[in-house]
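Examining the three-dimensional arrangement
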Amino acid sequence: MATGTPDSQARFGQSVKGLLTEKVNTCGTDVIALTKQVLKGSRSSELLGQAARNMVLQEDAILHSEDSLRKMAIITTHLQYQQEAIQKNVEQSSDLQDQLNHLLK
C-alpha cells in the first residue's frame, strides 16, 4: 500500500492541478467578460449623457423658435393693421382727388 499511495497521490495532485487550472482559466474569462460589460456600461452612460445634452440643446432651439414665431405673428398683425390703414388712406385720397377734380371743373 505504501507504493500505491504515492502514485495515487500524484494522480490526485495532477487531477487537482488540472481542475485548479481550469477554474483559474474560467475565472480569468469571467473577469474579462465582466470588464467588457463594465466598459460597455460606462460607454452607455456616456452616450446617455450626450443624448441628454443634445436633447436640452434641441429643447432650447424649439423654445427659441416658438418665441420667434410668436414675435413674427405679432409683427404680421401690425403689418396687417398698417396695410388696412394705408388702403383706407388710398381710398380717401382717391375720393379727395375726385372731389378736387370736380371742384376744378
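Residues numbered from 1 in each chain as written. Predicted model: local features only at pLDDT ≥ 70, side-chain atom pairs only at ≥ 80, totals over all residues. Heavy atoms only, no water.

An unreviewed UniProt entry annotates the protein as BLOC-1-related complex subunit 7 originating from Ursus maritimus. Taken verbatim from the UniProt record of the protein, the Subcellular location (unreviewed entry) comment is "Lysosome membrane". (UniProt positions renumbered as here; feature names shortened; annotations may be inferred.)

Along its length, the protein carries one helix and zero strands. In the protein, which comprises 105 residues, the proportion classed as buried is 0%. Total accessible area on the protein is roughly 9800 Å²; 62% of this is exposed by carbon and sulfur atoms. Averaged over its 11 positive side-chain charges, the protein has a centre that lies 15 Å from the centre of its 12 negative ones. (Helix = DSSP H or I, 4+ residues; strand = E, 2+ residues; numbered from the N terminus. Buried < 20%, exposed > 50% of the residue type's maximum accessible area, 1.4 Å probe, protein only. Areas by Shrake-Rupley, 256 points an atom, 1.4 Å probe, with all protein chains shown as cover. Lys, Arg positive; Asp, Glu negative; His and termini not counted. Charge placed at Lys NZ, Arg CZ, Asp CG, Glu CD.)

So, on to the pattern of salt bridges. For side chains of opposite charge, pairing can occur when their charged atoms come near one another. With the rule as written, the count across this model stands at two salt bridges. In this structure, D67 engages R70 in a salt bridge whose closest nitrogen and oxygen atoms are separated by 3.5 Å. Of the two residues, D67 and R70 both sit in helix α1 (residues 4-104), three residues apart, roughly one turn of that helix. A salt bridge links D67 to K71; the nearest nitrogen and oxygen atoms lie 3.4 Å apart. (Salt bridge = Lys/Arg side-chain N within 4 Å of Asp/Glu carboxyl O.)

A few words now on the environment of V56. Looking at where V56 falls in the secondary structure, it is placed in helix α1. C-alpha separation for the pair V56 and L69, spaced 13 residues apart in sequence, amounts to 20 Å.

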